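The primary structure of each chain is shown beneath.
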Amino acid sequence: MTSDVKHFKDFEDHGAGAIVLKSIFEEEIVFEFNNFLREAEEYGYDNEFVDYFDYKLKQDNITKYIDLIKAAKNEVNIPIIASVNCITSREWPYFAKKIEDAGADALELNIFILPSDLNKTSSDIEKTYFEIVEAVKKQINIPVIVKMSYYFSNLGKMIVDLSEKVDGLVLFNRFYNPDIDIKEKKVINSKIFSTPDEILTPLRWVGISYGRAKSSLAASTGVHDGTGLIKMILAGADAVEIVSTIYKNGIKAIKSMLNELEQYMADNGFETIDEMKGLVSKDKATNPAMYERVQFMRYFSDYHEDIL
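Summary of the structure given here. (Residues numbered from 1 in each chain as written. Predicted model: local features only at pLDDT ≥ 70, side-chain atom pairs only at ≥ 80, totals over all residues. Heavy atoms only, no water.)

**A few points about helix α10 (residues 252-268)**
- Across its 17 residues, α10 extends 25 Å between first and last C-alpha, which sits within 8% of the 24 Å expected from 1.5 Å per residue.
- Those residues of α10 that sit buried are Ala-253, Ile-254, Met-257, Leu-261 and Met-265. Seen end-on, α10 carries its buried residues on one side only, within an arc spanning 110°. Away from its buried face by more than 90 degrees, α10 exposes Lys-252, Glu-262, Ala-266 and Asp-267.
- For α10, the elements touching its buried residues are α1 (8-13), α8 (226-235), α9 (244-249) and α11 (273-276).
- The first or second residue beyond α10 is Gly-269, which carries a positive phi of 75°. (Helix = DSSP H or I, 4+ residues; strand = E, 2+ residues; numbered from the N terminus. Expected span 1.5 Å × (residues − 1). Buried < 20%, exposed > 50% of the residue type's maximum accessible area, 1.4 Å probe, protein only. Arc of directions from axis to C-beta. Contact = heavy atoms within 4.5 Å.)

Okay, here's the thing in structure tokens:
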């Protein structure tokens with residue numbers, strides 16, 4: 001939806017507060033170059049040519065992305081947030097300065113590191129996050145946002161520690177998950193779009209992190225309607241990121257969510273977002289222990305007689 005600017009004015013007109021551009025993928029650059037290396041070896045190209053191709057390939061990718069940023073800035077007045085989908089701090093941080101120079105209002109680092117490498121410790125993965133942030137912050141002055149995973153051994157501490165290094169955190173990025181076709185006995189795609197039920201994990205951690213995190217907090221995954229938006233603000237979110245609901249319900253979903261929020265605020269006597277933000281966070285909730293609860297056996301006990 002954000003790989004070109006044809007819908008951007010509609011996003012703005014329907015009330016979007018900002019637009020996060022499609023990510024430029026570190027993996028795309030690396031994989032494409034690795035494919036070329038295999039061909040270069042087969043045909044006997046020398047290292048000088050390979051070095052040139054490496055530079056040219058990266059330059060072509062960033063040029064296309066810079067053109068997208070510039071086109072977006074010319075199309076709308078709301079902030080344009082560039083996005084890099086990254087897994088290391090080695091190959092791509094030099095992009096960041098070019099992204100800033102192109103006019104991006106902020107840079108979101110969408111860090112995708114699935115903890116499936118048995119040779120890496122939890123500390124190794126955490127260290128990578130901070131290395132990426134440090135490498136990028138050296139290059140640019142615009143706000144840096146991290147869209148992070150929830151795969152951490154001590155997620156609360158990781159949120160707080162990262163928030164001290166960046167301007168904003170997005171809780172959380174949504175990993176692709178495989179499924180299995182039991183008839184064909186093969187791995188298949190799972191559901192691509194999120195569902196409203198998926199709001200619960202980011203809701204918990206926004207509520208726990210509000211007042212503790214040093215940066216702004218945005219919520220992502222499972223926010224499909226005005227009710228989800230209201231819940232996230234009450235938990236402490238400064239913003240929400242939405243995608244699946246626009247694919248499912250069209251751009252009008254943005255205005256619908258905002259209308260529901262405005263009606264809720266009017267019904268409850270709120271004149272500003274700040275008046276309601278964080279009112280039901282862990283620190284302010286009437287029953288803060290609910291955010292920490294992980295056992296629910298006693299709830300099942302109320303129903304077992306009916307089931308049996």
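**Topic: the environment of Ser-89**
- Mapped onto the elements, Ser-89 comes out in the loop between β2 (80-86) and α4 (94-101).
- Its relative accessible area of 22% is what places Ser-89 among the partly exposed residues.
- Along the chain, Ser-89 and Ile-132 lie 43 residues apart, while their C-alpha atoms are 4.5 Å from each other.
- If we ignore the near neighbours within four places in the chain, the residues touching Ser-89 are Glu-131, Ile-132 and Ala-135.

**Thoughts on the pairing of strand β7 (residues 186-189)**
- Note that strand β6 (residues 178-181) and β7 share four bridges and pair antiparallel. Of the residues in β7, the one forming a bridge with Ile-180 is Val-187.
- Adjacent in sequence and paired antiparallel, β6 and β7 are bridged by four residues, among which Lys-185 carries a positive phi angle near 55°. (Pairing = 2+ DSSP bridges.)

**Describing the packing of aromatic side chains**
- Enumeration over the complete set of coordinates arrives at six aromatic pairs.
- Ring geometry for Phe-8 against Phe-11: centres 6.2 Å apart, planes inclined by 35°, an arrangement best described as tilted. Remark: Phe-11 and Phe-8 occur in helix α1; sequence separation between them is three residues, near one turn of the helix.
- Members of the aromatic cluster, each reached through a chain of ring pairs, are Tyr-150, Tyr-151 and Phe-172. (Phe/Tyr/Trp six-rings, centres within 6.5 Å; stacked < 30°, edge-to-face > 60°.)

**Describing the environment of Val-144**
- Residue position: Val-144 is located in strand β4 (residues 144-148).
- Considered as a pair, Val-144 and Leu-169 are 25 residues apart in the sequence and their alpha carbons are 8.9 Å apart.
- Val-144 has contacts with Leu-107, Leu-109, Val-136, Lys-137, Val-166, Asp-167 and Gly-168, leaving out every residue within four places of it along the chain.

**Quick look at a nonpolar patch on the surface**
- A surface patch of nonpolar side chains, amounting to about 510 Å² of accessible area, comprises Tyr-176, Ile-192, Phe-193, Val-243 and Tyr-247.
- With respect to the helices and strands, the residue Tyr-176 is situated in the loop between β5 (168-171) and β6. (Patch = residues over 30% accessible without salt bridge, like charges linked within 9 Å, V, L, I, M, F, W, Y side chains within 5 Å. Areas by Shrake-Rupley, 256 points an atom, 1.4 Å probe, with all protein chains shown as cover. Salt bridge = Lys/Arg side-chain N within 4 Å of Asp/Glu carboxyl O.)

**Observations regarding the nonpolar core**
- Counting 70 residues, the largest nonpolar core has Ile-99, Leu-107, Leu-109, Tyr-129, Val-146 and Met-148 as the members making the most contacts within it.
- Setting aside anything within four residues of it in sequence, one finds Leu-109 in contact with Val-84, Cys-86, Trp-92, Ile-132, Val-133, Val-136, Val-144, Ile-145, Val-146 and Lys-147.
- Counting five residues, the second largest nonpolar core, distinct from the first, contains Ile-81, Ala-106, Val-170 and Ala-218. (Core = buried A, V, L, I, M, F, W, Y, C linked by side-chain atoms within 4.5 Å.)

**Observations concerning the side chain of Ser-23**
- Among the secondary structure elements, Ser-23 is positioned in strand β1 (residues 19-25).
- By relative accessible area, which is 12% here, Ser-23 ends up buried.
- Within the structure, Ser-23 has its side chain in polar contact with the side chain of Ser-83 (distance 2.6 Å).
- With near-sequence residues (within four places) excluded, Ser-23 lies in contact with Tyr-65, Ser-83, Asn-85 and Asn-110. (Polar contact = N/O pair within 3.5 Å; in protein donor to acceptor, adjacent residues only side chain to side chain.)

**Examining the sheet that holds strand β3 (residues 106-111)**
- The strand order across the open sheet built from seven strands is β1-β2-β3-β4-β5-β8-β9, with neighbouring strands paired in parallel fashion. What marks the edges here is a single partner per strand, and that holds for β1 and β9 (239-241). The average undirected angle you get between the axes of adjacent strands in this sheet is 25°.
- Examined bridge by bridge, β1 and β2 share five bridges and lie parallel to one another. Bridge assignment links Phe-25 to a residue of β2, and that residue is Asn-85. (Axes fitted to C-alpha atoms, helices over the stretch in contact; angles between N-to-C directions.)

**Looking at unusual backbone geometry**
- Between Leu-171 and the following residue, Phe-172, the backbone shows a cis peptide bond with an omega angle of 5°.
- Position of Phe-172 among the secondary structure elements: in the loop between β5 and β6.
- Of note, the phi angle at Lys-185 is positive, near 55°, even though the residue is not glycine.
- By the secondary structure assignment, Lys-185 is in the loop between β6 and β7.
- Even without glycine at this site, Thr-221 takes up a positive phi of about 90°.
- You can see Thr-221 is positioned in the loop between β8 (216-220) and α8.

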